[in-house]
Amino acid sequence: MGRKDSVWSLGEGQAPEELDKPIDTPPLSILLIEKPQSGTVAVGGDITFVAKVEAKDLLRKPTIKWFKGKWMDLASKTGKHLQLKETFDRFTKVLYSKMHIIKAKENYAGNYRCEVTYKDKFDSCSFDLEVKETEQGSQNIDIRSAFKRSSEGQEDAGELDFSGLLKHREPKQQDDTPEVDVWEILKNARPDEYEKIAFMYGITDLRGLLRRMKKIPKEEKKSEAFAKKLEPAYQVDKGGKIRLVVDLADPTVELKWYKNGQEIRPTPKYIFEHKGTQRIMVINNCTVNDDAAYSVAAGDEKCSTELFVKELPIKIVKGIEPVKTTVNERIELECEVSEEGAQVKWMKNGVEVPTGVRSRYRVKCEGTKHYLVIDDASREDTGTYSIMATGGTSEAHIQVDLKPLKIYQDLQDMTVLLGQPLKLHCEIYPGNVPGRWYRNGQLIQPNDRLNIIHRNKVHRLEIETTSLHDAGDYTFVPEGYSQSLSAKIHIIDPPRVHLDSLNFPDNTVTIVAGNKLRLEIPISGEPAPRVVWMKGERSGHRVRAETYGDQTSLTIEVTEREDSGNYKIVLQNEAGEATASVKIKVVDIPDPPEAPLVPVVGGDWCSMSWEPPKYDGGSPILGYFVERKKKQSSRWMRLNFDLIKETTFEPKKMIEGVPYEVRIFAVNAIGVSKPSEPSKAFIPLVILKSTKAPTDCVTVITTHIDKQHRYHIYCMHIHITHYCFFSTGNDWIISNKELTEKTKYTITGLTPGCKILVRVKAINAAGASAPRTLQHSILVKEVIEPPKIRVPRHLKQTYTRRVGEAVNLVVPFLGKPRPKVMWLKDGKPIEPSHVSIRNTDCDSIIFIRKAERSHSGKYEMTVQVENHMDTAIIDIQIVDLPGPPQCVTIEDVWGGNVALVWTPPKDNGNAPITGYTIQKADKKTMEWYTCIEHYHRTCITITELVVGNEYFFRIFSENMCGLSETATQTKKSALIVKEGLQLKMPEYNDHDFKEAPKFTQPLINTFAIAGYNTTLNCSVRANPRPKVIWMKNKIVIVDDPRYRMFSNQGVCTLEIRKPSPYDGGLYTCKAINDLGEAQVDCKLEVKGQ
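Residues numbered from 1 in each chain as written. Predicted model: local features only at pLDDT ≥ 70, side-chain atom pairs only at ≥ 80, totals over all residues. Heavy atoms only, no water.

Peer 1: Please provide a residue-by-residue account of the overall build of the protein chain, values included.
Peer 2: For the protein chain, the helix and strand inventory stands at 4 helices and 86 strands. Looking at the protein chain as a whole, 37% of its 1089 residues qualify as buried. The contacts of the protein chain with a sequence gap of at least 6 include a subset with a gap of at least 24, amounting to 62%. Element-wise, carbon and sulfur atoms account for 49% of the exposed surface of the protein chain, whose accessible area totals about 66,100 Å². (Helix = DSSP H or I, 4+ residues; strand = E, 2+ residues; numbered from the N terminus. Buried < 20%, exposed > 50% of the residue type's maximum accessible area, 1.4 Å probe, protein only. Contact = heavy atoms within 4.5 Å. Areas by Shrake-Rupley, 256 points an atom, 1.4 Å probe, with all protein chains shown as cover.)

What follows is the structure, given as structure tokens:
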């Protein structure tokens, strides 16, 4: 039975004529290890088909489907006639899928298919089912019940109808109309009336009905004209001869032969023969045109046949050959077939090649040779070309590559002045290759200002007037090639200073002293020029110069008169250099004049003169103001309210005998200057002669020598002082070159240890008095200053150096006279051969050229001046590399793990051990690899070791200087066993981690400075977590904002904010939990600033 007779093809599927089309499936993969085989079953019998799938390497269950024909999935047809079942054998890892057909009917016959899919794998197989018919007349079949559709696939469904399983209909009431023999009606009806009869009698499965009618044997009427008719069909090879024979019952009947309804006349091609009752038509040299329907008419009867002319397959005698060429070349594919004039089809990548008038492909035929011609090949022509004939195909691959790119002239880097034209030029081969221009990765499109030219091999990019945006990286990319040509274009513009925009006359800027000056000057240039401001020939240091994109600025926050001058701006870039000058004029009040002179004094007047100020403030002097005051007074009185243009003046109306002082103010357009120094005191009176000596003898109240060797004396009514050395006698020396009005004076330049005599004279306008001399000589000596050592901050802590480094310490000190310095190391004198010590007046230097471990210790420095003494201790620590650990042992080996234990090194290098470095080495290679660095504990477990290898281990110790020079290696090796490893887990008792509070770091007595925050710290260990209480003088600190308390990871901190002397006292930290309590104390002393 063919697949067109399958009952499961009914319903909403494809048309029967489409069933024979090939099925598109994914590429096959071997999943089925046993495929279902074709079988035969009698009508009403049962049959089972089995498919086995190998599921050993599958991660999940594969999908198995059963189909009938091409499209019908039988999973939706399961019921009382069809069952699908799947089982899995866990031992053999095989999946079984079974299809059971129960009570098979003859319309179950056909082609079946089993498909298995898993991810991207696919497998399928086809098999046939043949149902043998039993001899049974069609009269026993009830047509209307057999082809009646059910409502929901229930028991009232006809046994030939399976569509009830797909559609749901409401049950219909049974029709009580009398039964009618529909078979007889259909037999006698025309085919165009079948649908009307099926609708009338309620037969909905018309398609199945028609198929059933084809199987009913038809009773043929015996022909009266033909004893033997033509065969239903004939077949003949092309070029052969065929004989069409009929046997007449009545030889006298006239025959006529027809071809496609057209009568055939005797010709050399068509020959008619008569042999008894046989009538024969011979067709010679059959061609394709003879493939037609033929009929013969004898009287009113006619019989027909169909002649099929079988063409001999056109074979490929010489196939096409692969071609590899370059673009723009001519491609000609040649193929030779077995016959001339054969019809062939050219294909490209499975698609027929267009051969129209506008097509790029030309096809020509010369005898048995066929050609496909591509005149101007391109890269799109690359592909697989094939020629198809009836007797075979031939294919070949055509590869069209680009021609090798040759660069005759590359792009050149260029530097172009702004506004000048730019021309980029390159030459490449082949010349007909277009390309694209890019600037900084962006495609360039031609416009009014930019032109792109391509002529043969030459590619040019032209810009009429360049701008700053035209700078960048230019790239030319030939189309279809991975190569590219690049060039860097640099647009430069000479720097310029635009002073015209300032609108300052003569480029001069005037500003009043004390104001802020900000001068912004526009500049231009590409690249951005380097700007330098200079005042004279040197750069200005008090000014702040800033440069932005298009301007530079000069800023002076507070201008001073020194800022006046010519400022030079220098701009430099690749294009050149530009300079400009700006004059800044700072105007200010003038300087005060010098102290005025009073050359002439009268009874109530005086004459005074002065010199103009050295600096007029940048503005002309307009005049002067004059003020006077009594010498004993602090109140000045202005003598003129109108400015004095001259530099002389005569004050009047003064009181005779009273000392006066005068001073001058200079005035310009900016303001009034500061006052000049007062003039020397003068007394308006009439001059009289006086030689009276000063009363009250000179009294030396205190005498001492200060740092500048000045001798201080304090006396009364002294105007001039003389002194002489005691040993020289009468060689008096004037100590004050100018008169003094004070009654005390300091004599300088004396030598300590000498003795001097002092005398004083009084002088007035009439002359000098007789001198008054001290009765006793004075001993000059220095003042004792107690010694004080000022230890540098970095020496207040331990001073650490490595072995071999130099030690050079400078410790300053104070003291007068020069103190005596002594050094001790650990209470013993220092040997000069080991340590060099050099002392000066103000410091002591200790020097060690190459430090050794033996130089470590506490160095005590003592400074002494007479009975005064000061000491300081400097702790010097010389460190070295540590020694290796003392012993490294393998404690345990299990799985891929090794437990190591070691002891700290005997020599720690005079510094704490900061960690260890563990390395491993395979016994085969003995190449060392680092497992872990900076490890702090003395035991470790090395993991992830390779099974089957044997390892040695070594450990380096480490301190602040680095790793030890040597390492300690394990004496035995650790073998990582491959098999049979059994780990015996030891029994461990749960450790009780509870413990009472215990302070691991106590409080330390602390000195604090008033006004600066201070902290008290301690650490406690306890489990469960303790409650921490802080107390001051045994009183609990609660909610006091001056105190802040912290506790983190067992570290307890009390912060005292800006303490005062009142905050000093005894502080206590107490920790309490369920297991007990503990406390620590410390004293805090707060010193005043």
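So much for the structure itself; the text now carries on.
Peer 1: Please provide a residue-by-residue account of the sheet that holds strand β12 (residues 242-248), values included.
Peer 2: Taking strand neighbours across the sheet as the criterion, the 4 strands line up as β10-β12-β16-β15 in an open arrangement whose pairing is antiparallel. Strands with a single pairing partner mark the edges of an open sheet, and in this sheet they are β10 (226-228) and β15 (270-275). Looking at each pair of strands side by side, their axes are set apart by 30° on average, direction ignored. Here β15 pairs with strand β16 (residues 278-283) via 6 bridges, running antiparallel. In the sheet register, E273 faces β16, and the bridge partner there is I280. (Pairing = 2+ DSSP bridges. Axes fitted to C-alpha atoms, helices over the stretch in contact; angles between N-to-C directions.)

Peer 1: Go over the confidence of the model for the protein chain, please, and point to the residues and values.
Peer 2: The predicted structure's coordinates, where accompanied by low pLDDT, should not be read in detail. Residues of the protein chain with pLDDT of at least 70 account for 86%, and the chain-wide mean is 82. Within the model, the stretch residues 689-718 combines pLDDT values under 50 with 87 contacts to residues more than four positions away or in other chains. (pLDDT = per-residue confidence, 0-100.)

Peer 1: Tell me about the pattern of salt bridges, residues and numbers included.
Peer 2: Inspection of the entire model under this criterion finds 38 salt bridges. As a salt-bridge pair, D375 and R330 come within 3.5 Å of each other at their nearest N and O atoms. Within this pair, whereas D375 is found in the loop between β25 (369-374) and β26 (383-389), its partner R330 is found in the loop between β20 (323-326) and β21 (331-337), the two being separated by 45 residues in sequence. Judged by relative accessible area, D375 falls into the partly exposed class, the value being 37%. Look at R330 and you get partly exposed, because its relative accessible area is 45%. The partner of R460 in a salt bridge is E462, with the nearest N and O atoms 3.1 Å apart. The exposure class of R460 is partly exposed, given its relative accessible area of 21%. If you follow the salt bridges from partner to partner, you end up with K516, R518, E520, R544, E546 and E557 in one network. (Salt bridge = Lys/Arg side-chain N within 4 Å of Asp/Glu carboxyl O.)

Peer 1: Before we move on, can you summarise unusual backbone geometry with the specific residues and values?
Peer 2: With an omega of -5°, the peptide bond between E526 and P527 qualifies as cis. Here P527 lies in the loop between β38 (517-526) and β39 (530-535). Residue P1024 follows N1023 across a cis peptide bond; omega there is 5°. Tracing the backbone shows P1024 in the loop between β80 (1014-1023) and β81 (1027-1032). Backbone geometry at M926 places phi at a positive 55°, although glycine is not the residue there. Here M926 shows up in the loop between β71 (915-922) and β72 (928-935). A positive phi angle, close to 55°, is found at Q1049, a residue other than glycine.

Peer 1: Summarise the environment of A104; cite the residues concerned and give the values.
Peer 2: The topology assignment puts A104 in the loop between β7 (94-101) and β8 (110-118). For A104, a relative accessible area of 1% corresponds to the buried category. It is 9.2 Å that separates the C-alpha atoms of A104 and L82, two residues lying 22 residues apart in sequence. Among residues more than four places away in sequence, those in contact with A104 are V41, A42, V43, G44 and G45.

Peer 1: Run through the sheet that holds strand β30 (residues 422-429), naming residues and quoting values.
Peer 2: One open sheet holds the 4 strands; their spatial order is β28-β30-β34-β33, and the pairing between them is antiparallel. The open sheet is flanked by β28 (406-409) and β33 (450-455), the only strands paired with a single partner. Going across the sheet, the axis of each strand differs from the next one's by a mean of 20°, ignoring polarity.

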